Amino acid sequence: MTAGADDPAVVDARGQRCPLPVIRLARLVRLVEDDPTVLEVTVLATDPAAAHDVPAWCRMRGHRFVGARDEGDHTAYVVGVVRPSAPAAGR
């Protein structure tokens, strides 16, 4: 099943050049970090730089790069949203 551009957990950055796909990814992840129902976000991109930029952003920000899949005219990059652990009670 392909994520659609109208899905709220999808960044449609097709036609946008670096660094916009990653900037838009960061913005969306900040918006969904408090929503436990959103486990992954997808970036749709045509810019070849996204193949390096999205995994690098995940490493730098502590999120999980799930993978990339070719969808013909663009690539879909899937990012697992990692939420910070809550502090242990009583500490």
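Higher on the page you've got the structure.
Residues numbered from 1 in each chain as written. Predicted model: local features only at pLDDT ≥ 70, side-chain atom pairs only at ≥ 80, totals over all residues. Heavy atoms only, no water.

Visitor: So, the overall build of the protein: which residues are in play, and what are the values?
Guide: The secondary structure content of the protein amounts to two helices and four strands. From first element to last, N terminus to C terminus, the protein shows the α and β order β-α-β-α-β-β. Long-range pairs, those at least 24 residues apart, make up 61% of the contacts in the protein between residues at least 6 apart in sequence. (Helix = DSSP H or I, 4+ residues; strand = E, 2+ residues; numbered from the N terminus. Contact = heavy atoms within 4.5 Å.)

Visitor: Describe the sheet that holds strand β3 (residues 64-70), with residues and values.
Guide: Pairing is mixed across the open sheet formed by four strands, whose spatial order is β1-β2-β4-β3. The open sheet has two edge strands with one neighbour each: β1 (10-13) and β3. Between one strand axis and the next, the sheet turns by 15° as a mean value, whatever way the strands run. When β3 meets strand β4 (residues 75-80), the two strands line up antiparallel, connected through six bridges. Along β4, the bridge assignment pairs Ala-68 with Tyr-77. Contacts between helix α1 (residues 20-32) and the sheet are confined to β1, β2 (40-45) and β4, with β1 contributing the most and set at about 160° to the helix. (Pairing = 2+ DSSP bridges. Axes fitted to C-alpha atoms, helices over the stretch in contact; angles between N-to-C directions.)

Visitor: Describe the nonpolar core, with residues and values.
Guide: In terms of nonpolar packing, the biggest core is built from 20 residues, with Leu-25, Val-41, Val-43, Val-54, Trp-57 and Val-79 touching the most fellow members. Mapped by element, the contributors of at least two residues to this core are β1, α1, β2, α2 (50-61) and β4. Residues contacting Val-54, with those up to four places away along its chain left out, are Val-22, Leu-25, Phe-65, Tyr-77 and Val-79. (Core = buried A, V, L, I, M, F, W, Y, C linked by side-chain atoms within 4.5 Å. Buried < 20%, exposed > 50% of the residue type's maximum accessible area, 1.4 Å probe, protein only.)

Visitor: Let's hear about α1: which residues, and what values?
Guide: One turn of an α-helix holds 3.6 residues; hence residues three or four places apart share an orientation. The terminal C-alpha atoms of α1, which comprises 13 residues, lie 18 Å apart, in line with the 18 Å expected from a rise of 1.5 Å per residue. Of all the residues in α1, the buried ones are Pro-21, Val-22, Leu-25, Ala-26, Leu-28, Val-29 and Val-32. (Expected span 1.5 Å × (residues − 1).)

Visitor: Pulling in residues and values, what's your account of the pairing of β4?
Guide: For β4, a buried count of five out of six residues is recorded, marking the element as mostly surrounded by other parts of the structure. Inspection of the sheet shows β2 paired to β4 by six bridges, in the antiparallel sense. Across the sheet, residue Thr-42 finds its bridge partner in β4, namely Val-78. The antiparallel hairpin formed by β3 and β4 contains four residues in its connecting segment, where Gly-72 sits at a positive phi of about 90°.

Visitor: Talk me through the packing of α1 against α2; I want residue IDs and the actual numbers.
Guide: Running from N to C, α1 and α2 cross one another at 35°; their axes reach a closest spacing of 10 Å. Where α1 crosses over α2, the handedness of that crossing is right-handed. Here α1 contributes Val-22, Leu-25, Ala-26 and Val-29 to the contact with α2, which in turn contributes Asp-53, Val-54 and Trp-57. Its residues placed into classes, the contact of α1 with α2 shows six nonpolar, no polar and one charged. (Left-handed = near helix turned anticlockwise from the far one by under 90°. Nonpolar A, V, L, I, M, F, W, Y, C, P; charged D, E, K, R; others polar.)

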